[in-house]
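So you can see what is in the structure, the chains are spelled out below.
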Amino acid sequence: MKARILKVIVILQFLALPILGQGKHDTIRVSDEIDLIKLSENVYLHISYVQTKSWGKVGANGLLLVKDGKALMIDTPWDDKQTEELTSWINDSLNATITAIIPTHWHEDCMGGLGYLQSQDVKSYASQATINIAKEKNLPVPQYSFTDSLSINFQNIPVECYYFGGAHTIDVIEVWLPTEDILFAGDVLKDINSKSLGNIADADIKAWPITIMKIAKRFPKVKTVIPGHGNMGGIDLIEHTLKLLEK
């Protein structure tokens, strides 16, 4: 296993692209707890913040696709209140209505606002594993499930969801936007400044490096990789997370 990981790291070092950091884009302040960064004509990064006992102030990343008056959200902010604030801002400032949500795993930084969105008749898509956990934990349950992959055509923007295996949680998925060359890796990958794997209470440590190697094989030259927390990067985040897993 270690030999395979080292081989992947060497390949990634050869292919590594310059990091695309948040600092290269203008930040829009939605509220004291939510920032928005425009990445392209139709794609925004949303960052929501919460104060935690264990980790201090933590920002969580998510994406918004916006086109022709409709919006698709990938991961909600931390809770219903933040999600309602972001939804209202999208309605008022972008003249768009959220029609779909894709949570990438069951933790609150991904689907803490799902209950609010469901109250607004927003369609929700998630892995079957996420749905199973949501039912077990009495959380809001996403409507539509998939096992290995799911393709959605959102306003002629292709959105591809993949389950490669356990990592930060056993149900975590990746979302690929091929026309944007953006991979929303969520909590499978750590940002380049991370010194540890963070919260591993629900992690599958054994499966994690295998899952990452599947991602590296499927997206060998991806331009922009967005982790669940922290700055965006490139495939260097794959190498960095593999090294953290070796510690």
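See the structure above.
Residues numbered from 1 in each chain as written. Predicted model: local features only at pLDDT ≥ 70, side-chain atom pairs only at ≥ 80, totals over all residues. Heavy atoms only, no water.

Draft legend 1. View of the sheet that holds strand β11 (residues 174–177). Spatially, β9-β10-β11-β12-β13 is the arrangement adopted by the five strands of the open sheet, whose pairing is mixed. Across the chains shown, the open sheet's two edge strands, defined by having one partner strand only, are β9 (149–154) and β13 (224–227). Each neighbouring strand pair of the sheet contributes to a mean axis angle of 20°, computed without reference to strand direction. Pairing geometry for β11 and strand β12 (residues 182–186), over three bridges, is antiparallel. The residue bridging valine 175 from the neighbouring strand is phenylalanine 184, located in β12. (Pairing = 2+ DSSP bridges. Helix = DSSP H or I, 4+ residues; strand = E, 2+ residues; numbered from the N terminus. Axes fitted to C-alpha atoms, helices over the stretch in contact; angles between N-to-C directions.)

Draft legend 2. Molecular detail of the side chain of asparagine 61. Topologically, asparagine 61 is positioned in strand β4 (residues 56–67). Within polar-contact distance, the side chain of asparagine 61 engages the backbone oxygen of proline 227 at 2.9 Å. (Polar contact = N/O pair within 3.5 Å; in protein donor to acceptor, adjacent residues only side chain to side chain.)

Draft legend 3. Expanded view of a negative patch on the surface. Negative charge collects at one region of the surface, where Asp32, Glu33, Asp79, Asp80, Glu84 and Glu108 lie side by side. By secondary structure assignment, the location of aspartate 80 is in helix α2 (residues 80–93). (Patch = residues over 30% accessible without salt bridge, like charges linked within 9 Å, V, L, I, M, F, W, Y side chains within 5 Å. Areas by Shrake-Rupley, 256 points an atom, 1.4 Å probe, with all protein chains shown as cover. Salt bridge = Lys/Arg side-chain N within 4 Å of Asp/Glu carboxyl O. Lys, Arg positive; Asp, Glu negative; His and termini not counted. Charge placed at Lys NZ, Arg CZ, Asp CG, Glu CD.)

Draft legend 4. A look at the pairing of β9. Of the two faces of β9, only the one carrying Leu150, Ile152 and Phe154 is buried; Ser149, Ser151 and Asn153 on the other face are not. In the sheet, β9 pairs with strand β10 (residues 157–162) via six bridges, with the strands oriented antiparallel. Bridge pairing in β10 links asparagine 153 to proline 158. Two successive antiparallel strands, β9 and β10, enclose a turn made up of two residues, where glutamine 155 displays a positive phi of approximately 50°. (Buried < 20%, exposed > 50% of the residue type's maximum accessible area, 1.4 Å probe, protein only.)

Keep in mind that these numbers describe shape and distance, not what the molecule does.
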